[in-house]
Amino acid sequence: MPQMIQPNGFHLGMSSEWVIDAVSANVGQFLPCSAPSLLGEPITAVLCDDAIHGIRNRMALLRSEEAIEHLLHVSLVDDGPPFDISIYRDGEGFGIDAEPSEGHGLGDATGIVHGMLARLEHADQLETLCDMATRQLRALTGFDRAVIFGGGKLLGQSARAGCDQFSPTAASATEGEFAVADTNAGPVAILRSDRGGQSQSRSTLRLPDEKEAAALTALGAKAALVVPLRRDGHNWGHVGCYHGSPRHVGVERRSVVGLFARIIALKIEIAELRRG
């Protein structure tokens, strides 16, 4: 069975020799080329020099198998539209996921996170902290609901007017890291050369697995963004954002959510220690 990704972007896989050995079938919707024609081609012959330079620099920063580097608002071909790129190790080679950049960038992403955290400064109780944090997440993503779940408990949630509150059982339904723009969107196959045998489990465009898909159905969500909360090197909980209709959140905004989640995990731990 061919491996699949979501259709809101495209995938390129390349070997350690920078030869394209995997490509999503929809690449022709984004670049002036066909998917079969790219297999076996050096990536330097497909992408423009500025894109190659940026990708090379980000690849040098990949210090572990789990690391993902991003390159924002970059044209992949001369005079082409801007894309947001996610770059990661994929077996002995590398994976590149590209999504069209959002119509307008966030600007100062660090300043946005500082502003979000500043609104939490006077939250001295754990429950207040988590409820306020979920409101910040909803404002950033535009999703109907946001929850913080950790240590087997629903720690906080926020929902737009008219939405029922999640139960603790429902809030715990999704875990791991994934983003889904439209659960009803048709999947896109990955074409591979004989050398391209890597898995798509790490792709930022990956489809939800059966457990994740079932959880989203149970939650009535057509779009979702889930980011783990880490403690002592392990997943301890998650931040979950859910929407009742399709909604795409770009790479830049997802990265801000990821940074915010890391800081919130630390603030939750501090609040728990203070409470004793």
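Residues numbered from 1 in each chain as written. Predicted model: local features only at pLDDT ≥ 70, side-chain atom pairs only at ≥ 80, totals over all residues. Heavy atoms only, no water.

**Some remarks on the sheet that holds strand S6 (residues 93-100)**
Spatially, seven strands are ordered S1-S10-S3-S2-S6-S5-S4 in an open sheet, and the strand pairing comes out antiparallel. Edge positions in the sheet fall to strand S1 (4-5) and strand S4 (68-75), since each has one partner strand and no second. As paired strands, strand S2 (residues 10-14) and strand S3 (residues 20-24) are joined by three bridges and run antiparallel to one another. Note that in S3 the partner of Gly13 across the bridge is Ala22. In this fold helix H2 (residues 49-59) packs onto S2, S4, strand S5 (82-90) and S6, with an angle of close to 165 degrees to the strand it touches most, S4. Running at roughly 150 degrees to S4, helix H7 (residues 251-275) makes contact with S4, S5 and S6 of the sheet. (Pairing = 2+ DSSP bridges. Helix = DSSP H or I, 4+ residues; strand = E, 2+ residues; numbered from the N terminus. Contact = heavy atoms within 4.5 Å. Axes fitted to C-alpha atoms, helices over the stretch in contact; angles between N-to-C directions.)

**Remarks on the layout of surface pockets**
Each pocket or cavity is described by its volume, and for the largest pocket that value is around 1,200 Å³. Every residue lining the largest pocket is counted, 31 residues in all, and those nearest its centre are Glu66, Ile68, Glu177, Val227 and Pro228. Those elements that place two or more of their residues in the lining of the largest pocket are S4, strand S9 (178-180), strand S11 (223-231) and H7. Residue contributions to the lining of the largest pocket peak at nine residues, all from H7. Per-class residue counts for the lining of the largest pocket are 13 nonpolar, nine polar and nine charged. In this structure, the second largest pocket occupies an estimated 290 Å³ of space. Ranked by the residues each element gives to the lining of the second largest pocket, the list is headed by helix H6 (residues 210-219), at four residues. Looking at the lining of the second largest pocket residue by residue, the class counts come to nine nonpolar, seven polar and four charged. (1 Å grid on protein atoms, 1.4 Å probe; cavity = no way out; pocket = protein on both sides within 12 Å on 5 of 7 lines; lining within 4 Å. Points joined across faces, edges and corners; volume = space filled by probe spheres on them. Nonpolar A, V, L, I, M, F, W, Y, C, P; charged D, E, K, R; others polar.)

**Points about empty space enclosed by the protein**
Under the definition given, this model contains two cavities of 30 Å³ or more. Space inside the largest cavity adds up to approximately 90 Å³. Lining the largest cavity are 15 residues, with Ala179, Val180, Ala181, Val249 and Arg254 sitting closest to its centre. Of the residues belonging to the lining of the largest cavity, the class tally is eight nonpolar, four polar and three charged.

**Some words on the sheet that holds strand S12 (residues 234-243)**
With antiparallel pairing, the five strands of this open sheet are ordered in space as S8-S7-S12-S11-S9. Both outer strands of the open sheet, strand S8 (153-159) and S9, are each paired with one neighbouring strand and no more. The average undirected angle you get between the axes of adjacent strands in this sheet is 15 degrees. Relative to S11, S9 runs antiparallel, the two being bridged by three bridges. When the bridges of S11 are listed, Ala179 appears paired with Leu225. In the packing of helix H4 (residues 126-141) onto the sheet, contacts are made with strand S7 (145-150), S8, S11 and S12, and the angle to S8 comes to roughly 45 degrees.

**Brief notes about the packing of aromatic side chains**
The tally for this structure, following the rule as stated, stands at four aromatic pairs. Measuring from ring centre to ring centre gives 6.2 Å for Phe30 and Phe83, while their planes differ by 70 degrees; the resulting arrangement is edge-to-face. Residue Phe30 is located in the loop between S3 and helix H1 (35-38), and its partner Phe83 is located in strand S5; the two are separated by 53 residues in the primary sequence. In textbook terms, an aromatic cluster arises when at least three aromatic residues are bridged by ring pairs, as seen for Phe10, Phe30 and Phe83. Taking the ring centre of Trp18 as reference, the NZ or CZ of Arg56 above it sits at 4.5 Å. When the ring centre of Trp236 is taken as reference, the NZ or CZ atom of Arg231 above it lies at 3.9 Å. (Phe/Tyr/Trp six-rings, centres within 6.5 Å; stacked < 30°, edge-to-face > 60°. Lys NZ or Arg CZ within 6 Å of the ring centre and 35° of its normal.)

**Observations regarding the pairing of S11**
A large share of S11 lies buried, amounting to eight of its nine residues. As defined by bridge partners, S11 adjoins S12 across nine bridges and the pair is classed as antiparallel. Note that in S12 the partner of Leu225 across the bridge is Cys241. Between S11 and S12, which pair antiparallel one after the other, the connecting turn spans two residues, and Asp232 there sits at a positive phi close to 55 degrees. (Buried < 20%, exposed > 50% of the residue type's maximum accessible area, 1.4 Å probe, protein only.)

**Considerations on the packing of H4 against H7**
Remark: H4 packs on H7, axes separated minimally by 10 Å, with the N-to-C direction vectors making an angle of 175 degrees. Here H4 lies roughly antiparallel to H7, going by the angle between them. Between H4 and H7, the residues in contact are Leu126, Glu127, Leu129, Cys130, Ala133, Gln136, Leu137, Leu140 and Thr141 and Arg253, Val256, Val257, Phe260, Ile264, Lys267, Ile268, Ala271, Glu272 and Arg275, respectively. (Parallel < 35°, antiparallel > 145°, perpendicular 65-115°, else oblique.)

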